[in-house]
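Fold and geometry: a report
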Amino acid sequence: MREHLMATYNRLPVTFERGQGVWLWDTEHRQYLDALSGIAVCGLGHAHPAVTAAVCDQAGKLVHTSNLYGIGLQQQLAGRLCEVSGMDRVFFANSGAESNEAAIKIARLYGHSKGVSAPAVIVMEKSFHGRTLATLTATGNRRIQAGFEPLVSGFLRVPYNDVGAIRAIGQGRTDAVAVLVEPVQGEGGINIPDSGYLPAVRALCDEFGWLMMLDEIQTGMGRTGEWFAWQHSGARPDVFTLAKSLGNGVPIGACLARGKAGELMQPGSHGTTFGGNPLACRAALSVIDTIEQERLVAQAATLGRHMLEQFRQQLDAVAGVSDVRGHGLMLGIELDRPCAALVGRALQQGLLINVTADRVIRLLPPLIINTREAGIIVEQVSTLVREFLSEPA
Ligand SMILES: Cc1ncc(COP(=O)(O)O)c(C=O)c1O
């Protein structure tokens, strides 16, 4: 068959047809346990009845109008997000990259409002913020940037979890206006900073008059055991971004801001055709309601802790396992060698996992997972890891 898709992905040899909760079925009717949720997207699992009902009902009423007109569901969703986050204003986009673009544009408006002619955003090594030109520039991974030069100007890079490096920029440069950071680096390898890191970033932002901007695209919506990962430390950002699980698979992103950062966008300064349309907002409203009704934030915390303990029991003493770490249902098992081959082996056994940063097994199961299903993941992944490490490197 002639290939008509651009070759942007090395796809695994499987096509799914249907899903239910944490389970998926392929076109050959084989069943799979989904420990990845479409990379942190389907937090409520597949075909959650509340989301399905909301989307079907809305599709039969009104899918799209335009941001030229009032959109009640968009206002409702902005209100709900501000309620759970304590932010003031929301801009709706369609993806994570676009949500981060909005944040970067806010940082630039903020800089110009302070008389900085070429404002710069401090970003981290090993970060991931998306594939548009500005967000791939913000991303701390050369492989993602290579071939797309010239990159966008106005970014300053420092190591992750290094407060001193951020302070040094504050003392040395007058063009910095904001810090953009993931509370836990997802693509970078489930890198969890010290518990004092975000509060220290907050303090530096206050000291130097910068915006603290968090990318919660992978960590947000309950995944780490709080609605948003910054809530563990209480270091409230000025701006933060969401996407992925906000619509449980219906594309929607959001850039939330408070105080002055929320007032900088004015009519004409930014926009998008689809952003915050009735269908996407209705889906996201049903996601928020379901997370509350099913108490999934607390469940992510409890089950995440439980899975982490179980993984540590199984793997801590295994030679070749460098680290087992996690924050809620965001789990990483780091090996001492590249282990991408594990993804295909797991698939053959009916389990969906991911490997990122070459040697980190990344697990992002749906928040609706139960103890039995979580136990299956721990058993299966631990066995796969032990077998893999027992082979000659
Ligand atoms: C932390 C983070 N930021 C941004 C993005 C980009 O989101 P999208 O692929 O929806 O543009 C991702 C996607 O993996 C992400 O994990």
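Residues numbered from 1 in each chain as written. Predicted model: local features only at pLDDT ≥ 70, side-chain atom pairs only at ≥ 80, totals over all residues. Heavy atoms only, no water.

Buried within helix α7 (residues 163-172) are the following residues: A165, I166, I169 and G170. The buried residues of α7 occupy one face: seen down the axis, they fall within an arc of 145°. In α7, the exposed positions angled more than 90 degrees off the buried face are occupied by Q171 and G172. Residues of α7 that are buried sit in contact with β5 (120-124), β6 (155-158), β7 (176-181) and α8 (197-208). By the N-cap criterion, in which a side-chain oxygen at the helix start approaches the backbone nitrogen of a residue two or three places on, α7 is capped by D162, the distance to G164 being 3.2 Å. (Buried < 20%, exposed > 50% of the residue type's maximum accessible area, 1.4 Å probe, protein only. Helix = DSSP H or I, 4+ residues; strand = E, 2+ residues; numbered from the N terminus. Arc of directions from axis to C-beta. Contact = heavy atoms within 4.5 Å. Polar contact = N/O pair within 3.5 Å; in protein donor to acceptor, adjacent residues only side chain to side chain.)

This part is about the nonpolar core. Membership of the largest hydrophobic core comes to 90 residues, with the highest contact counts inside it found for I122, I166, F311, L335, I361 and I377. Per element, the largest residue contribution to this core is nine residues, and it comes from helix α9 (residues 278-293). Residues A102, A103, I106 and A261 belong to the second largest nonpolar core, which totals 22 residues. (Core = buried A, V, L, I, M, F, W, Y, C linked by side-chain atoms within 4.5 Å.)

Moving on: the packing of aromatic side chains. What the rule picks out here adds up to six aromatic pairs. Plain terms: the ring middles of F16 and Y32 are 5.2 Å apart, the flat faces sit at 85° to each other, and that makes the pair edge-to-face. In this pair, F16 is assigned in strand β1 (residues 16-20) and Y32 in strand β3 (residues 31-34), connecting sequence segments 16 residues apart. Assessed through its relative accessible area of 31%, F16 is described here as partly exposed. Between the aromatic rings of W230 and F240, the centroid separation amounts to 6.0 Å while the plane-to-plane angle is 65°, which identifies the pairing as edge-to-face. Of the two residues, W230 sits in the loop between β8 (211-215) and β9 (239-242) while F240 sits in strand β9, which places them 10 residues apart along the sequence. Given the relative accessible area of 0%, F240 is considered buried. Each residue in the set W227, F228, W230 and F240 is aromatic and connected to the rest through ring pairs, giving one cluster. In this structure, R18 packs its charged tip against the face of W25, placed 4.2 Å from the ring centre. (Phe/Tyr/Trp six-rings, centres within 6.5 Å; stacked < 30°, edge-to-face > 60°. Lys NZ or Arg CZ within 6 Å of the ring centre and 35° of its normal.)

This part is about the site of the ligand. G96, A97, D215, Q218 and K244 are the nearest of the 13 residues found near the ligand. Take G96: an N or O atom from its main chain is 2.8 Å from an oxygen atom of the ligand. The separation between an oxygen atom of the ligand and a polar side-chain atom of K244 is 3.1 Å. In the complex, 81% of the free accessible area of the ligand, which totals 390 Å², lies under the protein chains. Examining the composition of the shell around the ligand, we find that three residues originate from one element, helix α4 (residues 96-113), more than from any other. Among the residues making up the shell around the ligand, the classes are represented as three nonpolar, six polar and four charged. (Near = heavy atom within 4 Å. Areas by Shrake-Rupley, 256 points an atom, 1.4 Å probe, with all protein chains shown as cover. Nonpolar A, V, L, I, M, F, W, Y, C, P; charged D, E, K, R; others polar.)

Moving on to the environment of Q380. Along the chain, the position of Q380 falls in helix α12 (residues 371-390). Measuring from C-alpha to C-alpha, the distance between Q380 and G350 comes to 9.8 Å, with 30 residues separating the pair along the chain. A polar contact is formed between the side chain of Q380 and the backbone oxygen of Q349, at a distance of 3.1 Å.

What follows concerns the pattern of salt bridges. This structure, assessed with the given rule, holds 18 salt bridges. Measuring nitrogen to oxygen at the nearest pair gives 3.3 Å for the salt bridge that ties R89 to E263. With a gap of 174 residues between them, R89 in strand β4 (residues 89-93) and E263 in the loop between β10 (253-257) and α9 connect regions that are remote in the sequence. Classification of R89 as partly exposed rests on a relative accessible area of 45%. The salt bridge involving R142 is made with E149; its shortest N-O contact spans 2.8 Å. Connected through salt bridges with shared partners, the residues R80, E83, D289 and E292 form a single ionic network. (Salt bridge = Lys/Arg side-chain N within 4 Å of Asp/Glu carboxyl O.)

Bringing the sheet that holds β8 into the picture now. The strand order across the open sheet formed by seven strands is β4-β10-β9-β8-β7-β5-β6, and the pairing between neighbours is mixed. Two strands lie at the open edges of the sheet, namely β4 and β6, each paired on one side alone. Neighbour to neighbour, the strand axes of the sheet diverge by 20° on average, direction disregarded. Where β9 and β10 come together, four bridges link them in antiparallel fashion. The residue of β10 that forms the bridge with L242 is A254. Across the face of the sheet, helix α3 (residues 72-85) comes into contact with β4, β9 and β10 while running at roughly 125° to β4. Those strands touched by α8 are β5, β7 and β8, and its axis lies near 145° from that of β8. (Pairing = 2+ DSSP bridges. Axes fitted to C-alpha atoms, helices over the stretch in contact; angles between N-to-C directions.)

Further remarks concern the packing of helix α11 (residues 341-348) against α12. The interhelical angle for the contact between α11 and α12, taken along N-to-C directions, is 130°, at an axis separation of 11 Å. Between α11 and α12, the crossing angle belongs to the class labelled oblique. Handedness of the α11/α12 crossing: right-handed. Residues A341, L342, R345 and A346 of α11 form the contact with α12, whose own contacting residues are L384, V385 and F388. (Parallel < 35°, antiparallel > 145°, perpendicular 65-115°, else oblique. Left-handed = near helix turned anticlockwise from the far one by under 90°.)

Pairing within the open sheet is antiparallel, and its four strands lie in the order β11-β12-β15-β14. Edge positions in the sheet fall to β11 (321-327) and β14 (354-356), since each of these pairs with one other strand and no more. Within the sheet, the average angular offset between the axes of one strand and its neighbour, ignoring direction, is 25°. Across three bridges, β14 lies against strand β15 (residues 360-363) in antiparallel orientation. In the strand pairing of β15, T356 is matched with V360. Strand contacts of α12: β11, β12 (330-335) and β15, with the helix running at about 15° to β12, the strand carrying the most contacts.

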